[in-house]
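Descriptive analysis of the structure
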Amino acid sequence: MKNINYKKIISHFKVVGNFIDAKPYGSGHINDTLLVRFEQEGKNVKYILRKINKHVFKKPGLIVENTVMVTNHIKDKLKKNKEKDLHRKVLSLIDTFDGNYSYIDTNKDYWCLILFIDDAYTVDFVETKKQAYEAAKAFGKFQKYLSDFDVLKSHVTIENFHNLSNRISNFDEALKKNSANRVSGIEHEINLANKYRYIENDFNALQQKDIPPRITHNDTKINNVMLDSKTDEGLCVVDLDTVMPGIILNDFGDMVRTFTSPAAEDEQDTQKVFVRMDIYKEMVNGYLSELNNILTGDELNNLALGAKIIVYEQAIRFLTDYIEGDVYYKTEYPEHNLIRAKNQFALLASIEKNFDEMQNFIEKMI
Ligand code: GN1
Ligand code: MG
């Protein structure tokens, strides 16, 4: 991210005032995110500047179109509900002087500028029951507002994103190629990947069920929801790059993955990685407080399975990237992806252990 003239990039967007600075922001693994400060009539105003990773998102323009459609749809719902402070409850993209919602630079990189939400915070792991309930409710609301959005209108920004079979074959291929010479020494993790392969059968069996395609978020990590600094209320769902057709189980699954563990996804001490059932229950309550009447019986009955699928998928995605030499996720040290994979396998073991209780609790709540 060095030697980029951010001031010049931002000059294409309709922002008034004086540019102060742009600094890296957040903990995303794919796109570059910056916090930009402007001075407007003696006040500091903040924006989020995002460069979309064009190697991961082959057609960045589709993300921009999806984001505009989805945020407008949500804004209409908020207005109908006579909600206040709309700009804190849905992302607002800033337009450019030539009437677009992104600026494309000379490298064909896409940049978006988003209004920053003040007096709000995010966490990398849930600290309190209230955070679990409120953050889950925010994701539930997001899904509820989009439940009447025409699925066919939204673009697929990454093909096969949550296709477990595809992720497994990528893993098998990476193993065979061993391109970064990292396969020896990770026998234990390879065994784990094989041990849990049965989850693919559960994934395939879903095709026979009433699980309708919806517009889903597909990256419902706990740090993708902004909470109100004063009240901890779930304010706004962010990181809309992977909003596209999907199934609700994946969103629920990624919430379990990132809400229930008391440690971040790259915690090295796997003793610290497990499902906190009290947090899980708060999360389910918050989520279903918005969605109980919207989801089908098959969706509700398979939410817990979504957690197994997504955590297994994430474990093999990290492991695959480790084997391939860290070509996909940003890493801070050579073993980073391996540590993440070990962490996710530990979480998966805990999900297996608690699965009946997880499932029963949802059945009780329906
Ligand atoms: C990536 O970039 P970020 O942190 O929002 C990834 C997700 C993974 C996540 C793991 C487009 O999300 O699918 O679950 O890392 N996004 C993409 O933390 O691959
Ligand atoms: Mg993301």
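Our structure is the block above this text.
In this text the structure is predicted, and so the values were computed from the model without any measurement.

Considerations on the environment of Q131
- Mapping Q131 onto the fold places it in helix α4 (residues 129–145).
- Through-space distance from the C-alpha of Q131 to that of L303 is 20 Å; in sequence the pair is 172 residues apart.

A few points about the pattern of salt bridges
- Tallied over the full model, the rule gives 23 salt bridges.
- In this structure, the salt-bridge partner of K46 is D118, at a minimum N-O distance of 3.4 Å. Remark: D118 occurs in the loop between β5 (110–115) and β6 (120–121) and K46 occurs in strand β3 (residues 43–51); sequence separation between them is 72 residues.
- The class for D118 is partly exposed, based on a relative accessible area of 37%.
- Here E83 and K89 are joined by a salt bridge, their closest N and O atoms 2.9 Å apart.
- Overall, the relative accessible area of 22% leaves K89 in the partly exposed class.
- Connected through salt bridges with shared partners, the residues D32, K51, K54, D109 and K330 form a single ionic network.

So, the site of ligand 1
- Contacts to ligand 1 come from 17 residues, most closely from K221, E265, Q314, R317 and Y328.
- D219 places a side-chain nitrogen or oxygen 2.9 Å from an oxygen atom of ligand 1.
- Y328 is positioned with one of its side-chain polar atoms (N or O) 2.5 Å from an oxygen atom of ligand 1.
- Contact with the protein chains covers 95% of the free accessible surface of ligand 1, which is 450 Å².
- Here the shell around ligand 1 takes three residues from helix α11 (residues 303–323), the largest share from any one element.
- Taken together, the residues of the shell around ligand 1 sort by class into seven nonpolar, four polar and six charged.

How each quantity is defined
- Within every chain, residues take consecutive numbers counted from 1 along the sequence as written.
- Chains carry letters from A onward and ligands carry numbers from 1 onward, assigned in written order.
- Two thresholds apply to this predicted model, a pLDDT of at least 70 for residue-level local features and 80 or more for giving and counting side-chain atom pairs, whereas whole-chain, interface and lining totals are computed over all residues.
- The basis for every side-chain value is the complete set of non-hydrogen atoms in the structure, without hydrogens or water.
- Comment: elements are numbered from the N terminus, with helices defined as DSSP H or I runs of at least four residues and strands as E runs of at least two.
- Think of a salt bridge as a Lys or Arg side-chain nitrogen and an Asp or Glu carboxyl oxygen that are within 4 Å of each other.
- For each residue, the accessible area found with a 1.4 Å probe, counting protein chains only, is set against the maximum for its type, and the residue is called buried under 20%, exposed over 50%, and partly exposed in between.
- The criterion for a residue being near a molecule or strand is simple. One of its heavy atoms has to lie within 4 Å of it.
- In protein, a polar contact means a hydrogen-donor-capable atom and an acceptor-capable atom, both N or O and within 3.5 Å, with residues adjacent in sequence counting only if both atoms are side-chain atoms; elsewhere, any N or O pair within 3.5 Å suffices.
- Residue burial considers only the protein chains on display, and all accessible areas are found by Shrake-Rupley using a 1.4 Å probe.
- Under the scheme applied here, ten amino acids are nonpolar (Ala, Val, Leu, Ile, Met, Phe, Trp, Tyr, Cys and Pro), four are charged (Asp, Glu, Lys and Arg), and all others, including Gly, are polar.

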